[in-house]
Amino acid sequence: MGHHVTMRDDAFERLYAEHAQALFGFLSYRTGDRVLAEDLLADTFERALRARRRFDPRKASLKTWLYAIALNCLRDHGRRRSAEGRALERVSAGASEWSSEPIDSLSDRDLVSRSLAVLSEEEREAIALRYGADLTVPEIAKLTGQKLTTVEGRVYRALGKLREAMD
C-alpha cells in the first residue's frame, strides 16, 4: 500500500488564493455572466475540495487539474442550461453589481461579448483559456487533450476573427 500524499487544507487555501482570480476571469469570459461565473467558481472549488484525495501530481499540475474541473462544471452547466431553456438569461441583469470591481482589463465588455459571438464554441473556449485563464498553449493542449498545433491554430484563427469583429 503506497502512501498517497493528500492535499491539506492550508494547501487548498493557497491553491484558492493563487488561482481563484484567474479562474473567475476564465469563467466570466466563457459565460459572459459574472454572477454565473461566481457560482461556477464556487462549484469548481467545492468539487476540487471533495476530489483532492484523487489529485495525482504525477499526472498533472494543480493548475491543469483545477481547470479540468472548471471545464467539467461548465459542461455540466451547459447541459443543464439547454435543458432549462435559457431561463438563466435574467441572471445577467444582476451582473451589473459586479461592474465596480474591475477584475479584468477589458474596458468594453459589451464589445467583447458581441465579438465573441463570431467564434465557434471551440474557438471561444481556446480564447477563454488562453486569455481569461492565462494558460499557455501547451497547458491548454494538455487540458483539452488536443494537439498543440490544433490549439495554436484555433487561438490564432480566433484572434483574427476577433480583430475583424472589433474593427
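None of these values were measured; they are calculated from a predicted model.

Reading guide: rules and limits
- Residues numbered from 1 in each chain as written.
- Predicted model: local features only at pLDDT ≥ 70, side-chain atom pairs only at ≥ 80, totals over all residues.
- Heavy atoms only, no water.
- Helix = DSSP H or I, 4+ residues; strand = E, 2+ residues; numbered from the N terminus.
- Buried < 20%, exposed > 50% of the residue type's maximum accessible area, 1.4 Å probe, protein only.
- Contact = heavy atoms within 4.5 Å.
- Areas by Shrake-Rupley, 256 points an atom, 1.4 Å probe, with all protein chains shown as cover.
- Salt bridge = Lys/Arg side-chain N within 4 Å of Asp/Glu carboxyl O.
- Arc of directions from axis to C-beta.
- Core = buried A, V, L, I, M, F, W, Y, C linked by side-chain atoms within 4.5 Å.
- Axes fitted to C-alpha atoms, helices over the stretch in contact; angles between N-to-C directions.
- Parallel < 35°, antiparallel > 145°, perpendicular 65-115°, else oblique.
- Left-handed = near helix turned anticlockwise from the far one by under 90°.
- pLDDT = per-residue confidence, 0-100.

Undergrad: How do you make sense of the overall build of the chain when you look at a structure like this?
TA: Counting its regular elements, the chain contains eight helices and zero strands. Counted from the first residue to the last, the chain has its helices and strands arranged as α-α-α-α-α-α-α-α. In the chain, which comprises 167 residues, the share counted as buried stands at 38%. Across the chain, contacts joining residues at least 24 apart in sequence account for 69% of those joining residues at least 6 apart. As displayed, the chain has an accessible area near 10200 Å², and 51% of this comes from carbon and sulfur atoms.

Undergrad: Teacher, can you tell me more about the environment of leucine 41 here?
TA: Relative to the elements of secondary structure, leucine 41 occurs in helix α2 (residues 34-51). Residues leucine 41 and serine 28 lie 13 residues apart in sequence; the distance between their C-alpha atoms is 9.5 Å.

Undergrad: For this particular structure, what's the right way to read the pattern of salt bridges?
TA: A full pass over the atoms with the stated rule returns eight salt bridges. For glutamate 123, the salt bridge goes to arginine 157, with nearest N and O atoms at 3.4 Å. A residue pair is termed long-range when its members are at least 10 positions apart, and glutamate 123 in helix α6 (residues 121-132) and arginine 157 in helix α8 (residues 148-166) qualify at 34 residues. Exposure remark for glutamate 123: the relative accessible area of 4% places this residue in the buried category.

Undergrad: Just checking my understanding: could you explain helix α7 (residues 137-144) for this structure?
TA: Along an α-helix, residues three or four apart share an orientation, since each turn contains 3.6 residues. Those residues of α7 lying buried are Val137, Ile140, Ala141 and Leu143. Take α7 and look down its axis: the buried residues cluster within an arc of 165°, on one side only. Opposite the packed face of α7, turned more than 90 degrees from it, sit the exposed residues Pro138 and Lys142.

Undergrad: Quick question: what am I supposed to make of α6 here?
TA: Burial in α6 covers these residues: Glu123, Glu125, Ala126, Ile127, Ala128, Leu129 and Gly132. The positive-phi residue at the C-terminal boundary of α6 is aspartate 134, with phi of around 60°.

Undergrad: Help me understand the nonpolar core in this model?
TA: Taken as a class, soluble globular proteins show a tendency for nonpolar side chains to be buried jointly. Core analysis: the largest hydrophobic core is formed by 40 residues, its most contacted members being Leu23, Phe26 and Tyr67. Put simply, the parts of the chain that give this core at least two residues each are α1 (9-31), α2, α3 (62-84), α6, α7 and α8. Setting aside anything within four residues of it in sequence, one finds leucine 23 in contact with Leu41, Thr44, Phe45, Leu66, Tyr67 and Ala70.

Undergrad: For this particular structure, what's the right way to read the environment of glutamate 13?
TA: Here glutamate 13 shows up in helix α1. As for glutamate 13 and leucine 49, which are separated by 36 residues in sequence, their C-alpha atoms are 9.9 Å apart.

Undergrad: Is there a simple way to think about the packing of α6 against α7 in this case?
TA: The description of two helices packed together rests on the angle between their axes and the distance between the axes. Where α6 meets α7, the closest approach of the two axes is 10 Å, and the angle between their N-to-C directions is 130°. Viewed along their axes, α6 and α7 adopt a mutual orientation that is oblique. Taken as a pair, α6 and α7 cross one another with a handedness that is right-handed. Residues Glu125, Ala126, Leu129 and Arg130 of α6 lie in contact with α7, whose contacting residues are Val137, Ile140, Leu143 and Thr144.

Undergrad: Mind showing me how you'd approach the confidence of the model for the chain here?
TA: Should pLDDT be low for a region, the predicted coordinates there are not to be read in detail. Counting all residues, the mean pLDDT for the chain is 75, and 72% of those residues have values of 70 or more. Ranking the elements of the chain by mean pLDDT puts helix α4 (residues 91-94) last, at 40, and α2 first, at 89.

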